[in-house]
Each structure stands twice: as structure tokens, then as C-alpha cells.
Amino acid sequence: RYGGRHTVTLIPGDGIGPELLNHVRELFRFSCVPLDFEVVNINSSITSEDDINNAITAIRRNGVALKGNLETNHTLPPSHKSRNNVLRYTGLDLYANVMRCQSLPGVQTRHKNIDIIIIRENTEGEYSSLEHESVPGVVESLKIITRNNSLRIADYAFQLAREKGRRRVTAVHKANIMKLADGLFLQCCREVASGYPDIAFDSMIVDNTTMQLVSKPHQFDVMVMPNLYGNVVSNVCAGLVGGPGLVPGANYGHNYAVFETATRNTGKSIAGRNIANPTAMLLASCLMLDHLKLHDYASMIRNAVFATMNESLLHTPDIGGQGTTSEMVQSVMRNIKSIIFRMLFII
Amino acid sequence: GDTQIFLLWKSLSQILSRVLGAVKSQTQPRTFSRGVHTVTLIPGDGIGPEISTAVMKIFEAAKVPIQWEERNVTAIKGPGGKWMIPPEAKESMDRSKIGLKGPLKTPIAAGHPSMNLLLRKTFDLYANVRPCVSIEGYKTPYTDVDLVTIRENTEGEYSGIEHVIVDGVVQSIKLITEQASRRIAEYAFEYARNNQRSSVTAVHKANIMRMSDGLFLRKCREVAENYKDVKFTEMYLDTVCLNMVQDPTQFDVLVMPNLYGDILSDLCAGLIGGLGVTPSGNIGANGVAIFESVHGTAPDIAGKDLANPTALLLSAVMMLRHMGLHADAKKIETACYDTIRDKKVLTKDLGGNSKCSEFTTEICRRVQDMD
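Here the residue index of a chain counts from 1 through its sequence in written order. Lettering of chains starts at A and numbering of ligands starts at 1, both following the order in which they are written. Per-residue local features are limited, in this predicted model, to residues with pLDDT of at least 70; the limit for side-chain atom pairs, both in listing and counting, is 80 or more; totals at the level of whole chains, interfaces and linings are taken over all residues. Computation of side-chain values covers all heavy atoms of the structure but excludes hydrogens and water.

- Under an unreviewed UniProt entry, the name given to chain B is Isocitrate dehydrogenase [NAD] subunit, mitochondrial, and the source organism is Electrophorus electricus.
- Its UniProt record, at the heading Subcellular location (unreviewed entry), says of chain B: "Mitochondrion".
- Entered under Catalytic activity (unreviewed entry) in the UniProt record, the comment concerning chain B runs "D-threo-isocitrate + NAD(+) = 2-oxoglutarate + CO2 + NADH". UniProt positions are given in the numbering used here, feature names are shortened, and annotations may be inferred rather than shown by experiment.

- Looking at an unreviewed UniProt entry, chain A carries the name Isocitrate dehydrogenase [NAD] subunit, mitochondrial, with the source organism given as Electrophorus electricus.
- In its Sequence similarities (unreviewed entry) section, the UniProt entry covering chain A states "Belongs to the isocitrate and isopropylmalate dehydrogenases family."
- Here chain A is described in UniProt, under the heading Subcellular location (unreviewed entry), as follows: "Mitochondrion".

In C-alpha cells:
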């Protein structure tokens, strides 16, 4: 923070990232948010390591970033790692991926009133990128689980649950099959749970979890899990509340935080057509504002977005509407104006 | 020089695979048009025996040309100290090639691996197939689901190879081989072709697991080349999950490695109503196929005539189709669906309060009325 204004790193990414982040900038300017964006243009067409390192340095410098998703070309050799992951854990140790899946009353879904917080270990597990071909035609991929990271994420989950007044934490695992790896994760969760007697703790096997989520999602409160299951469960939950266009995501480390859409889609097929749903990215920017302690701005924008979604019912095609991205953003801006007027009236 | 040798090798291997393809008839529907066929029946534990009896009754009412050979599978220690299934069970299955199995209880700390694992290893059950079709009359928030998950069942994340590297650091190995990947891909495309399904989607995470899932994906692509009549697509696991809970009707046949298959097949079962109504089949090498219900043994209701035999019955229907007995399969399936749709005689888990025997009798009645 300098001169009363924050600086945040902005990574447009690929697909719909650039256009959505432009709308965020537009909205912040309109709302006079005391924040400047330092744009770092890395995308899938840039292949140098230097650019990635520059991005990491920029995030370190500012402490906070807002990003679009970077596409991974998986036909390239394995040494070319997923750029999103490199950003996430190599340089910044963003160990906790947090996603709150909350039903929006104005959006038509099969299940209503869902409010689940998913905490996903973000640095190890199946995403360690340790693979080798031991014998031709036989590939081994290593999943690493460590005590330290498991304790750390479990602790994060319970702290967050307590902070948000949640009642129960459920650990998701497959320890009946992966006895050592997921067994260790589960054991760490149990250890941490014993230090939080005010919060109930239980566990569930991942395949049963997905089955329960599509039939009885209301049994879940806060869920904590290793990396891959986190990927699966967060996508299932995002689908339950209305899709990838609605849910914001946050990646937290001890020193840094990066905000993005929860399901990390590039939206290649809808890029540039003004039909992408800006909700997820707008709500992600609100999470960022909260992180920067700019709570009033965060609430104002969030309430304006909710008003557009639930009252004006201006929806983009992904949730069954006919509106364009810009129409939605205009609506949010109108709602911000009326929120400000209402505040002035009260004064 | 080199090119010639390569081309010669390529044409030889093509001839070889075509010959082997003709011999490997395990994926073709076998026409059992004459005579009575033996099926090995493994009733299982808990509610296993009563639901098996229900299935046998219904098959008898439908006059299906099947003769049941009941066998028990409890782990016994063979010569050399290795755990195995009883030799009578193995002999029966090797002879009949077709099995129907109820739920087996998984012993905790019994000193031996799970029976399901033993069966899988004994018969090299490499493909787990679960057709998930919405049941009219058993309402869930999802309608018109009609997809099939085909899961590689021998390797992947379930190799059981784990090590403690140093105190507090554990490594679990996921194994993907060219051979197993090709085999499951071939099964998926053959299944699609034989069951008039229009597309096969490979589910993977090759963006993260570049080499392992990359290998799986490559093999799927290669096999797809030989099945131009079936549409082939690829999709990330997370995208499949995201789309599956919003619109499951967009999916047809899904093929994937072990863990993703485990998760997705249960997810899809949840869409149509759970494990109590979902059929499942396991395809092995050498033409062996074992069909089973995938729910638990339900010890709390065992022996009380309260169990729901639908899952085992639909698995038996799947078995009939595998054997080519399509008319019998259709008859029994229709009777079952009609009973559920009618809602007059339903077991407790389906929302009614009839007994298992009453439910069974009702289906038998409908089957007989159809003749």
C-alpha cells in the first residue's frame, strides 16, 4: 500500500480472462476503488521461463494477484509444466485453495440453498508432476503426501471454519485403498480436529462423497481434502450451484494471495463473444478486496452483483439467460449507483 | 532400408491384431441361442442370499434358459501361503465363464485382502462397466440420464504401491501401462459398437499428469482410429464433473483409468438413485465376465425380507445382454421398471413399504403376464 492506494498484480491469461478482467478494472474505476493494477502479460503463447519468473516476482512485490486461467498445451513434453501450477506453488507456496459454493436464489438449479466451503490442499498430492517411464510402455506417476502440508491445510480448514461460524469439517479421502498416503492425510486431520472441540469432524471416502453431493448436498458444511479430490469435488459443487461462471476462488499462502475463478476454466470457445459470465471474476475481485481490508468496497460490489443476479435477473447464456457480459456489468454499475444513493439518503 | 522394415513390421502387426481380434471374442456378444447355460452364482453376505433368491425366482418365472451353480467365495490360503478363492469357485467360473455376484463383506484386519480384489486378480477383471440409466418412477433431480462408465480396473492409482520416503513423507505410485490402456480403450469402443452407442469420451488429466494420463490418452486415440464409426472425444476430469452435474444427457460412453472411474461411476450412480438401483459388470480376460450389485451387505436388514433386489436384478439383465439373450433381458427389465413406475409395490428404500418377496412376486407376475 502506497499513498493510500494498493497495487495488485493482474494476469489476464487466456480465453475469457482478458475480457473479464477488463470489466473488473472498469468496475473498480467506476466505484473509485483505491487500487491500481500492475498488468503482467503471460499467456500460453509465451514460452520463456523469464516471463513466468517476472510474474512471480510481481506477485511477490504486490503480495496479491487477480488472474485469469492459463491454458496448458498438453501435447508439449512433460518438462513443460502447467503454468498455473508453477505460479501457484513453486514460487508462492499458495497452499490453500478455498472455494465457497453458495446457491444464488435467482439462479435455477436442481438443488437449492447450498452453502459449502471447500478447502483443497494446493501444492502436493497428485500434482507433484513427478513422473517417469521406468520401462518402455510403463509410466509411474508419484503422488506425494507430507505430514507438514496435511497438518497445515487441516489447520487452515479448522481455523476458517471457526472464523466463519461453521459447525463441521469433513475430510475427503480414499484411505481404504491408499492406506499410507491418504491414511497420513486423514490422520493429520484427526490430530488437528482434536484441537478444535467446538467443531465436529468426520470423514468420507471420495467416491461416496460425489454420490452424496448429487443426491443430498445439504449434509456438507466445510470440506477439506488433498489436491486431486479437491479438483473433483470443487467442480461437482460448482456445477451444483449453477456452473463455472458463478463461483469465485482464492488461493492463500502465508504471505501471498491469488484470486481467480474457482473452476479455473479458460473458456476458449466463448472468448471474445461478450457472453461470458462475469460473476465469478467479479466475486473473486471482492474476495481480493476483503483480503486487502477494503471491506466497504467489497460489500458494495458484491451486493450489486447479487442484486443483478437475484433481483434484476440479468443472466448470461451459461445460466439460461440472454444477457451479454457488458449488459450484466452495466447492471452491476447501476446497482452500485443506487447503493451509493441509498447510503447518501440514510446520511 | 529402415522404412521398409518399419512398413513390413506395421503390416505384420496389423494382420496379427486382426487375427487376434477374431479369436478374442470376449467382447462380442455371444449367441447362446440353444440349450441351457450355466452361470456361477455367488450369493454373497448380508442381504446377498435373499436378493439372489429373488433374482432366481424372477428368472424362473421368465423361463430364462439358465442353470445356476452356487458357489461361495471366502478367502483361503493356498499352497505357498498365497491367499486365493476356493478352487471350486474358480473351477466353476472358468467353466461357465459367466458369474453373478451379490455383495461381499469386507473384513477389517482379517489378514487377507478384500474378496473383490481377489476375484479381480484371479480372473483379470480389467473392465468395470456401469450403465447408468434414469429409472422412470424413481425420481431424482436428474432425468434422462443414459450413459455408461467404463473403468480400467487393474492398475492406475490402485496399484497399492506406497512407500514412506522419510518420516512424514509418503509416496503413492500410480501406474499406467500401454497394454492396459489399449485393452480398456478397445473394450470401450467394442462396447460402444455392440450396444449402438454413438460416442466414446476419454476422461483424463493429461494437463497435470502429462506422462501417465498422456499415455492413456494416446492409446485411446490410437484405438479410436480403428473405430471411425464411433465418435471419439477427450475431456478433462474436472470438466466432466462440472458438466455432469449440470447436464448429464450430453454424455454417452466414458472410458478412464482406475481412480477417475471409481469416482465418476459412483457420481453417475448418484444421479440415477444410488447403488441400490445401479447394475455393474466386470469383464475379464479369457472371456470371463462377472456381473454384480455394488451396494453393501446391509447387515442391519439382512434376513428380514426388506432388501431391494433391483441392483442385482439389473446386473443380471446386463448379464443376459452380454450373453446375447436380448429378449429375456428386455422382458425382465421392463417388468422391473414397470413395477417401480407403478409405485404400488415398492421396497422401503424406493419409498414404499412392501417386502422383498412381495416386490419379487410382483415382477414375476408381470413377467408371466407378458408371455
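Having put the structure on the table, let's press on.
Observations regarding the overall build of chain A
So, step 1. When its secondary structure is counted, chain A shows 10 helices and 12 strands.
So, step 2. Our radius of gyration is a C-alpha quantity, and the globule rule it is checked against amounts to 2.2 Å times the number of residues to the power 0.38. The C-alpha atoms of chain A give 20 Å as radius of gyration, which agrees with the globular expectation for 347 residues (20 Å, within 12%).
So, step 3. Along the three orthogonal principal directions, the C-alpha set of chain A runs to about 65 × 50 × 40 Å.
So, step 4. Out of the 347 residues in chain A, the part that is buried amounts to 61%.
So, step 5. Between two residues, a contact is recorded if the distance between any of their heavy atoms is within 4.5 Å. The long-range share in chain A, meaning contacts at least 24 apart out of those at least 6 apart in sequence, stands at 75%.
So, step 6. Within this scheme the basic residues Lys and Arg register as positive and the acidic residues Asp and Glu register as negative, but His and the chain ends are omitted. Where a charge lies is defined by one atom per residue type, namely NZ (Lys), CZ (Arg), CG (Asp) and CD (Glu). Separation between the mean location of the 34 positive side-chain charges and that of the 31 negative ones in chain A comes to 5 Å. Secondary structure is summarised from DSSP: a helix means a run of H or I of at least four residues, a strand means a run of E of at least two, and numbering begins at the N terminus for each. Partly exposed residues are those whose accessible area sits between 20% and 50% of the maximum for their type, while under 20% is buried and over 50% is exposed, using a 1.4 Å probe and protein chains only.

Describing the nonpolar core
So, step 1. One finds Leu35, Leu66, Ile119 and Met288 of chain A to be the most contacted residues of the largest nonpolar core, which totals 123 residues.
So, step 2. The leading source of residues in this core is helix H7 (residues 227-241) of chain A, at 9 residues.
So, step 3. The residues contacting Leu35 of chain A, other than those within four sequence positions of it, are Arg5, His6, Val8, Phe28, Met288, Leu289, Leu292 and Leu294 of chain A.
So, step 4. Formed by 69 residues, the second largest nonpolar core is a distinct cluster that contains Tyr138, Ile184, Tyr227 and Cys336 of chain B. Side-chain atoms within 4.5 Å are what join buried Ala, Val, Leu, Ile, Met, Phe, Trp, Tyr and Cys residues into a set we call a nonpolar core.

Focus on the environment of Thr109 of chain A
Residues and elements named next belong to chain A.
So, step 1. With respect to the helices and strands, Thr109 occurs in the loop between strand E4 (96-102) and strand E5 (115-121).
So, step 2. With 132 residues separating them in the primary sequence, Thr109 and Val241 have C-alpha atoms 6.4 Å apart.
So, step 3. In contact with Thr109, other than residues within four places in its own chain, are Leu240, Val241 and Gly242.
So, step 4. In protein, a polar contact requires one atom able to donate a hydrogen and another able to accept it; more generally it is a pair of N or O atoms within 3.5 Å, and residues adjacent in sequence count only if both atoms are side-chain atoms. Among the polar contacts made by the side chain of Thr109, one reaches the main-chain carbonyl oxygen of His111 at a distance of 2.7 Å.

Topic: the pattern of salt bridges
All names here are of chain B.
So, step 1. Any carboxyl oxygen of Asp or Glu within 4 Å of a side-chain nitrogen of Lys or Arg constitutes a salt bridge here. For the structure on display, the rule yields 45 salt bridges over all chains.
So, step 2. For Asp124, the salt bridge identified is with Arg183, shortest N-O distance 2.8 Å. Of this pair, Asp124 sits in the loop between helix H4 (115-123) and strand E6 (125-133) while Arg183 is found in helix H5 (residues 178-194), placing the two residues 59 residues apart along the sequence.
So, step 3. Taking relative accessible area as the criterion, Asp124 reaches 28% and is therefore assigned partly exposed.
So, step 4. With its nearest N and O atoms 3.1 Å apart, the salt bridge here joins Arg365 to Asp369. One end of the pair, Arg365, and the other, Asp369, are both in helix H11 (residues 356-370), 4 residues apart, so they sit about a helical turn from each other.

Regarding helix H7 (residues 237-244) of chain B
So, step 1. Taken across its 8 residues, H7 of chain B has 7 buried, putting it largely inside the fold.
So, step 2. Every buried residue belonging to H7 of chain B is among Leu237, Asp238, Val240, Cys241, Leu242, Asn243 and Met244 of chain B, and all of these are buried.
So, step 3. Among the structural elements, H7 of chain A together with strand E7 (146-152), strand E10 (199-204), strand E11 (231-236), strand E12 (253-256) and helix H8 (258-272) of chain B are those in contact with the buried residues of H7 of chain B.

Examining the domain arrangement of chain B
Residues and elements named next belong to chain B.
So, step 1. Domain boundaries in chain B define domain 1 (35-131 + 275-370) and domain 2 (141-272).
So, step 2. Each of domain 1 and domain 2 has a C-alpha centre, and these two points are 25 Å apart.
So, step 3. Counting residues at the interface gives 15 residues for domain 1 and 16 residues for domain 2.
So, step 4. Using a 1.4 Å probe, buried area is obtained as the accessible area two parts lose upon being combined, added over both of them. Counting the surface domain 1 buries against domain 2, the share from its top three residues, Tyr126, Asn128 and Arg130, is 45%.
So, step 5. Across the contact surface, domain 1 and domain 2 share 2 salt bridges.
So, step 6. The salt bridge involving Asp266 is made with Arg130; its shortest N-O contact spans 2.9 Å.
So, step 7. Here domain 1 and domain 2 share 6 residue pairs in polar contact (both at pLDDT 80 or more) between them.
So, step 8. Here the element with the most residues in the side of domain 1 that touches domain 2 is E6; it accounts for 7 residues.
So, step 9. Here the residues of the side of domain 1 that touches domain 2 sort into 9 nonpolar, 3 polar and 3 charged. In this entry, domain limits derive from an automatic or database-based domain assignment. Three classes are used: nonpolar for Ala, Val, Leu, Ile, Met, Phe, Trp, Tyr, Cys and Pro, charged for Asp, Glu, Lys and Arg, and polar for all others, with Gly counted as polar.

Overview of the packing of aromatic side chains
So, step 1. A pair of aromatic rings is counted whenever rings of Phe, Tyr or Trp (Trp by its six-membered ring) have centres within 6.5 Å, and the orientation is called stacked for planes under 30 degrees apart, edge-to-face for over 60 and tilted otherwise. As enumerated under the stated definition, the model contains 11 aromatic pairs over all chains in all.
So, step 2. Grouped by ring-pair contacts, the aromatic residues Tyr95, Tyr156, Tyr252 and Phe259 of chain A constitute a single cluster.

What to know about a nonpolar patch on the surface
Residue and element names in this part refer to chain A.
So, step 1. Surface patches are drawn from residues lacking salt bridges whose relative accessible area is over 30%; two like charges belong together within 9 Å, two nonpolar side chains (Val, Leu, Ile, Met, Phe, Trp, Tyr) within 5 Å. Here, Shrake-Rupley sampling with a 1.4 Å probe gives the accessible areas, and only protein chains in the shown set may cover a residue. Among the surface-exposed residues, Ile340, Phe341 and Leu344 lie close enough to one another that they form a single nonpolar patch of about 290 Å² accessible area.
So, step 2. Note that Leu344 resides in helix H10 (residues 325-346).
So, step 3. The class for Leu344 is exposed, based on a relative accessible area of 53%.

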